[in-house]
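Residue-level listing of the chains:
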Amino acid sequence: MATTDRQATTLALAHALSAAERGLAVIPLSRTKLPALRSPHRDDPTAPTCHGECGRLGHGVYDAATDPARIRELFASAPWATGYGIACGLPPHHLIGIDLDTKSGTDSSAALRELALRHLFTIPDTVVVLTPSGGRHLWLSGPPDVVVPNSAGRLAPGIDIRGAGGYLVGPGSRTDHGAYTTAPGTAHLAPAACPPTLLRLLLPPPRSHHPTPSSTGGHGQGLVQFVLAAHEGQRNTRLFWAACRAYEDGIGPALVDPLVDAALNTGLSEREARATIASAARMTGHRP
């Protein structure tokens with residue numbers, strides 16, 4: 001059994017290094033599909049949120065790397081790893097994973113086809129990874145200035161989304177339930193661009209409210225507060241969501257500066273903030 005595990009670790013490392021050559025940042029995974037390295041802060045409930053700033057390993061997707069030496073270091077620290085995860089949302093691909101599950105008792109592939117027909121988009125030819133349970137992972141590429149959040153079943157029953165802060169189990173990984181493999185004819189493909197209509201569906205839904213065209217009003221202030229409450233790792237997502245809602249309400253132009261100020265208070269740069277707001281304007285059909 002130990003020999004088998006060593007072979008699985010060696011294969012997982014080889015696959016991880018191959019993925020890194022394609023610009024995909026990776027981490028080692030255990031047979032349970034969880035990050036193989038445990039958090040160095042697990043025994044300290046009072047420890048502040050850390051995404052690797054402490055310099056130690058064990059921060060999940062925040063350890064993800066494309067540098068071969070770093071990847072070898074990660075796997076050397078986790079000799080029990082039998083798979084690898086691919087971090088989503090990072091350059092150059094800004095990967096978005098469409099996880100079509102089979103365990104929920106619903107036909108997730110049919111649900112995706114129905115969504116495509118209803119909203120008039122087509123899933124392009126792209127990388128498809130087959131899971132041990134019979135499901136599929138579709139790899140899509142998102143725009144660099146749009147942060148797609150993770151979600152489970154929000155798009156449709158049985159469809160989970162892996163976005164910023166999430167990861168996909170890489171092909172070649174072995175788990176307790178079997179191996180992940182690339183679907184025939186898709187291994188050579190690059191992640192295809194996510195259709196704009198589908199991208200809109202992957203973003204947080206708008207709230208129900210009445211437009212306030214003449215001023216930002218209470219709702220505008222609520223959007224600003226929503227951005228101000230962002231923690232590290234969700235700042236761009238909250239800013240993009242708030243800007244989309246503002247433009248949909250007709251108060252986008254009036255709220256640009258307050259949103260930028262709020263974003264600056266959370267630690268984003270002005271350039272980053274204005275680029276994110278401009279992206280929201282384009283996404284909602286307005287001129288930035």
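Note on numbering: residues in each chain are counted from 1, in written sequence order. Thresholds applied to this predicted model are a pLDDT of at least 70 for local features of residues and 80 or more for the giving and counting of side-chain atom pairs; totals over whole chains, interfaces and linings are not thresholded and use all residues. No hydrogens and no water enter the side-chain calculation; it runs on all heavy atoms of the structure.

Right, let's get into the nonpolar core. As a rule of thumb, soluble globular proteins bury nonpolar side chains together. I96, I98, I159, L202 and L259 are the most contacted members of the largest nonpolar core, which totals 49 residues. Among the elements that take part in this core, helix α6 (residues 235-249) stands out by supplying eight residues, more than any other. The contact rule is simple, with two residues in contact once any of their heavy atoms fall within 4.5 Å. Setting aside its immediate chain neighbours within four residues, I159 contacts I98, D99, L100, S108, A111, L112, A152, G153 and R154. Here, nonpolar core refers to any group of buried Ala, Val, Leu, Ile, Met, Phe, Trp, Tyr and Cys residues whose side-chain atoms link them within 4.5 Å. Burial classification: accessible surface area is computed with a 1.4 Å probe over protein chains only, and a residue below 20% of its type maximum counts as buried, one above 50% as exposed, and the rest as partly exposed. Ranked by size, the runner-up nonpolar core spans 35 residues in total, among them A19, A20, A65 and A87. Only runs of H or I of at least four residues qualify as helices and only runs of E of at least two qualify as strands under DSSP, and these elements are numbered from the N terminus.

Every definition here rests on a 1 Å grid over the protein atoms only: cavities are sets of points where a 1.4 Å probe fits but cannot get out, pockets are open sets enclosed by protein on both sides within 12 Å along at least five of seven lines, and lining residues have some atom within 4 Å of a point. Grid points are joined across faces, edges and corners, and a volume is the space filled by probe spheres set on the points. In the structure shown here, the tally under the stated rule is one cavity of 30 Å³ or more. Reported here for the largest cavity is a volume of approximately 40 Å³. As for the largest cavity, its lining consists of G23, L24, A25, A87, L90, P91, H93 and L95. Each residue gets one label: Ala, Val, Leu, Ile, Met, Phe, Trp, Tyr, Cys and Pro are nonpolar, Asp, Glu, Lys and Arg are charged, and the others, such as Gly, are polar. When its residues are assigned to classes, the lining of the largest cavity shows six nonpolar, two polar and no charged.

Now for the sheet that holds strand β8 (residues 167-169). Only when DSSP finds a minimum of two bridges between them are two strands counted as paired. Pairing is antiparallel in the open sheet, where three strands are placed in the order β1-β2-β8. Strand pairing shows two members of the sheet lacking a second neighbour, β1 (26-29) and β8, which therefore form its edges. Strand-to-strand twist of the sheet, defined as the mean angle between neighbouring strand axes without regard to direction, takes the value 35 degrees. Direction of pairing for strand β2 (residues 83-87) relative to β8: antiparallel, over a ladder of three bridges. Each residue of the ladder has a partner; that of I86, found in β8, is L168. Contacts from helix α2 (residues 68-76) reach β1 and β2 within the one sheet, and its direction differs from that of β1 by about 15 degrees. For every element, the axis is a line fit to its C-alpha atoms; helices are fit only across the contacting stretch, and the angle between N-to-C directions ranges from 0 to 180 degrees.

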